[in-house]
Amino acid sequence: MDIACQIESYKNSAFDKKEKNWPDFSLKIESGSDKPYSFFCGWCHGGPGIGLSRLKAYEVYGFNRFIEQSEAAIENMKKHTSCKSTGYSRIFK
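Read on for a plain summary of the structure. (Residues numbered from 1 in each chain as written. Predicted model: local features only at pLDDT ≥ 70, side-chain atom pairs only at ≥ 80, totals over all residues. Heavy atoms only, no water.)

Details of the pattern of salt bridges
Item 1. For the structure on display, the rule yields one salt bridge.
Item 2. One salt bridge in this structure joins K56 and E59, with 3.2 Å as the shortest N-O distance. Pair noted here: K56 and E59 are both in helix 2 (residues 47-61), with a separation of three residues, about one helical turn.
Item 3. Its relative accessible area of 48% is what places K56 among the partly exposed residues.
Item 4. Exposure remark for E59: the relative accessible area of 60% places this residue in the exposed category. (Salt bridge = Lys/Arg side-chain N within 4 Å of Asp/Glu carboxyl O. Helix = DSSP H or I, 4+ residues; strand = E, 2+ residues; numbered from the N terminus. Buried < 20%, exposed > 50% of the residue type's maximum accessible area, 1.4 Å probe, protein only.)

Next up, the structure:
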């Protein structure tokens, strides 16, 4: 397995189905949270950037799981107004 597939496998192990997003482990959480991480919807962290990377991975590898992961990213973006306008235009371009 090449390094790109190993990275994808690691990132998917952290995917949260309830949030429909990938966690940002770099953000600090307020004390008392039941999760050791939070979620962010931006090109640098979270669904939008991961969604774009999965579309490119689909072009390169052709695995359907990359399309499914991009769809999860789109569902996540629908919840976040700041990502909607730019997010959809970039992914569907």
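Moving on from the model shown.
Remarks on the side chain of Q69
Item 1. Here Q69 lies in helix 3 (residues 64-78).
Item 2. Within polar-contact distance, the side chain of Q69 engages the side chain of R54 at 2.5 Å.
Item 3. Discounting residues that sit within four places of it in the chain, Q69 has contacts with E8, N12, W22 and R54. (Polar contact = N/O pair within 3.5 Å; in protein donor to acceptor, adjacent residues only side chain to side chain. Contact = heavy atoms within 4.5 Å.)

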